[in-house]
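# Survey of secondary and tertiary structure
Chain by chain, the residues run as shown.
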Amino acid sequence: AKLQAEYVGYLKFHVHGIAAYFMDVLNCCQLLWEGLYFHEIESAYPDEYRQWKTDKSGFKPEGGESIHDLSSRLQAELQNIINTHAGKTIAIVSHVGPIRAAVAHAMSMPTEMYRQLRIDYASLSRVDYGKSQNNLIYLNFSSQLVG
């Protein structure tokens, strides 16, 4: 299907060929930990790291938000996008966390289960939002993107 609209969250590189709306709502806000590896977070923020390991979807790092908070923001914005582009094919480009949260919500999964969804960098996932139910067409698809 021909792409009729694109939405892109904050990215650290230029996306060629996409006229995009840069939307803060599509980003996961974990500012204090931004760009750090898990071992760096564990070393620099041991108490917060332990809290996060105990409650990965409910923990809110300083200056950030929990996955529950992110999911709430995403649900509202995704519904606006769906209403604006009903019956059209659109693309949303974002980071792993927001993609996991959006797919989990679309599939009526509990937010706590979002980390069960594997989303690799630069992979594609497709959800068809229907009138009475949503359908996951593919998740974490990347075989045709390489080579």
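Residues numbered from 1 in each chain as written. Predicted model: local features only at pLDDT ≥ 70, side-chain atom pairs only at ≥ 80, totals over all residues. Heavy atoms only, no water.

Position of Thr-111 among the secondary structure elements: in the loop between α4 (96–106) and β4 (124–129). Residue Thr-111 is classed as buried on the basis of its relative accessible area, which comes to 18%. Leave out the neighbours within four places in its chain, and Thr-111 touches Ser-57, Ile-67, His-68 and Ser-71. (Helix = DSSP H or I, 4+ residues; strand = E, 2+ residues; numbered from the N terminus. Buried < 20%, exposed > 50% of the residue type's maximum accessible area, 1.4 Å probe, protein only. Contact = heavy atoms within 4.5 Å.)

Our focus in this paragraph is the environment of Glu-34. As for its position among the elements, Glu-34 is in the loop between β2 (21–22) and α1 (38–44). Since its relative accessible area comes to 42%, Glu-34 is described here as partly exposed. Distance from Glu-34 to Gly-64, taken between C-alpha atoms, is 9.6 Å for residues 30 residues apart in sequence.

Successive residues of a regular strand alternate their side chains across the two faces of the sheet. Pairing of β4 with strand β5 (residues 134–141), which is carried by 5 bridges, proceeds in the antiparallel orientation. Bridging across to β5, Tyr-129 finds its partner in Asn-134. Linking β4 to β5, which pair antiparallel, is a turn of 4 residues. (Pairing = 2+ DSSP bridges.)

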